[in-house]
Amino acid sequence: MTETEQLVERVARQSYGRLLAYLTSRFHDWAASEDALAVAFSSALEAWPRTGVPDEPEAWLLVVARRRLMDEEKRTRVQSDAEAVIREAMSGAERAVKCGIPAERLEMLFLCAHPAINPTLHTPLMLQAVLGLNAERIASAFLVRPSTMGQRLSRAKAKIRNAKLRFELPDQSQLPERLGAVLEAIYAAYGAGWDDLPGFDKRGRGLADEAIYLGRLITDLLPDEPEAHGLLALMLFCESRRLARRSADGEYIPLGVQSIVLWSKEMIVDAERHLWFASTANSIGRFQLEAAIQSVHACRAVTGFTDWDAIALLYQALVQLAPTVGCRVSHAAAVAEARGAQAGWQLIASLSLAEVRTYQPYWALAGHLHRLLGRKQEAVNVFQAAIGLCEDGSVRRFLARQGLTL
Amino acid sequence: MQYTLMFYMSPDEFEARTHPDKQRAFWAGFLPYMKAIREAGILVSGAGLQPPESATTVRVTDGRRLVQDGPYADTKEQLGGFAIIDVPDLDAALDWAARYPAGPLGVVEVRPILAPAGSPVS
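Asker: Would you mind going over the sheet that holds strand S1 (residues 2-9) of chain B with me for this structure?
Answerer: Across a sheet, strands are paired by hydrogen bonds formed along the backbone, either parallel or antiparallel in direction. All names here are of chain B. Pairing in this open sheet of 4 strands is antiparallel, and the strands run S2-S5-S1-S6 from one edge to the other. Edge positions in the sheet fall to strand S2 (43-48) and strand S6 (107-112), since each of these pairs with one other strand and no more. The sheet shows a mean angle of 20 degrees between the axes of neighbouring strands, direction not considered. Two elements, S1 and strand S5 (residues 78-86), share 8 bridges in a ladder whose sense is antiparallel. Residue Tyr8 lies in a different strand from S5, and its bridge partner there is Leu79.

Okay, here's the thing in structure tokens:
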């Protein structure tokens, strides 16, 4: 990669979302703004090695993109006086860059997670709008055919344009619900990046880093929202263990036996800070509870043991707030650790087969509990089911070992 | 909607299926996978294929027969088996493809089934 390419990439990383938000808020056409920005970035690659990098690279990009968009608008009109257009665009762009154009990015996040847009597209739109990821990359992360993902994104953008979805912040009465959708979408990006382990993702930064970037962005933009801090804390706690999740030869290491030496102390401290700040608002929510659970796990680095009673209690609160299958299975696992396998079994026995049929963690937990309860044949069968639903080779091998030690 | 999951395997994987020391690890992943597909109630049919060296290729051009030893496609990874599944959409089919316990070079190709001629395409 040449120096210019590296610089353009850095500018793209820092500014893409801001520039796109700025253009979309003014031209009200997401897809056209994206095209214009793409032209601007490729012009930069072509021009900067010759002319040198401009003092204000963002302003330069904005000028080119705006000119492009205005040309589009004027296509049917008389040929514009390019120089006058550039002068006009330059002044606007400089103003925009000097003011830091922060607000539009927040509006962009809310637009991506708008209730009129299919929730499964909130995260993909966000990754594209704020971070400039392409449809292929997003499609792989979400296990969707790339051309299908491209069509879905285009349709969503057309819907935003045609339905004239408003590019503005929701009012106070709608804010909690709308913010909830934004946070869910960011967390979904983190979830999709959870499996990108070191050495596996050769495209540089993983999706998990991108999600944490979005989490930081939203806490910067809305510093008083406890759930935003809760989400960031949750992601940081999980991320702090990335290096401890696999052995040197790539085998799966369960959380309870991970080496605390490999946990990132900085991330844990950062996570605790955000969780503490969130708690000062006295308004509990799903992400704060999940972060609190991870905080209890993190305490093992200091106390040497895991307080499963505390974790079970936090999961109980979480189940009341969000009774998803995932949450109920995790609750049962915590109860089994705190009060014995029979107590945990009673909780998962209440789940219906239809709910858990393809939910792998349920089968892994059920196998574990059968084993603890001495039901050998059931354990073997259920571990087989867990292995059959597994996507990760190291987890598959881990489960096979569990089945063999019966 | 029916989709075919085509399992492409490397020479190592073909070997592992019947190798005395390696077959245990291979089937420990593959059998539970096929069982999960069956128990989800989506399996239409499926089969494993013998290794590519066992293939015979037949071509009849202008009435002339050409019969050759070996598979048609000259690629390192070869079709080792397939499963036809009936799921609501491609996204669901891809979820099942991702669970295929492939070796490091294994690949799953997912393709929709062509509806029989004259029948409405679902």
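Asker: Looking at this model, I keep getting lost on the nonpolar core. Mind explaining?
Answerer: All names here are of chain A. Core analysis: the largest hydrophobic core is formed by 130 residues, its most contacted members being Ala65, Met126, Ile186, Ala189 and Ala386. Considering every element that reaches this core, the biggest residue donor is helix H9 (residues 175-193), with 10 residues. Not counting residues up to four positions away in its chain, the partners in contact with Met126 are Leu109, Cys112, Ala185, Ala189 and Leu214.

Asker: Quick question: what am I supposed to make of the packing of helix H11 (residues 226-239) of chain A against helix H12 (residues 265-279) of chain A here?
Answerer: Residues and elements named next belong to chain A. Look at H11 against H12: their axes get within 8 Å of each other, and the N-to-C directions meet at 160 degrees. The angle between H11 and H12 places the two elements in the roughly antiparallel class. By crossing handedness, the relation of H11 to H12 is classed as left-handed. Contacts from Pro226, His229, Gly230, Leu232, Ala233, Leu236, Phe237 and Glu239 in H11 reach Met267, Ile268, Asp270, Ala271, His274, Leu275, Phe277 and Ala278 in H12.

Asker: Explain the interface of chain A and chain B to me, please; I cannot follow it from the model alone.
Answerer: Interface size is often expressed as the accessible area that is lost when the parts come together. Taken residue by residue, the interface counts 16 residues in chain A and 14 residues in chain B. When contributions to the side of chain A that touches chain B are tallied by element, the ones reaching two or more residues are helix H19 (376-388) and helix H20 (393-404) of chain A. Considering every element that reaches the side of chain A that touches chain B, the biggest residue donor is H19 of chain A, with 4 residues. Residue classes in the side of chain A that touches chain B are distributed as 7 nonpolar, 5 polar and 4 charged.

Each value, and the rule that gives it
- Residues numbered from 1 in each chain as written.
- Chains lettered and ligands numbered in written order.
- Predicted model: local features only at pLDDT ≥ 70, side-chain atom pairs only at ≥ 80, totals over all residues.
- Pairing = 2+ DSSP bridges.
- Helix = DSSP H or I, 4+ residues; strand = E, 2+ residues; numbered from the N terminus.
- Axes fitted to C-alpha atoms, helices over the stretch in contact; angles between N-to-C directions.
- Core = buried A, V, L, I, M, F, W, Y, C linked by C-beta atoms within 7 Å.
- Buried ≥ 20, exposed ≤ 12 C-beta atoms within 10 Å, placed from the backbone.
- Contact = placed C-beta atoms within 7 Å.
- Parallel < 35°, antiparallel > 145°, perpendicular 65-115°, else oblique.
- Left-handed = near helix turned anticlockwise from the far one by under 90°.
- Nonpolar A, V, L, I, M, F, W, Y, C, P; charged D, E, K, R; others polar.

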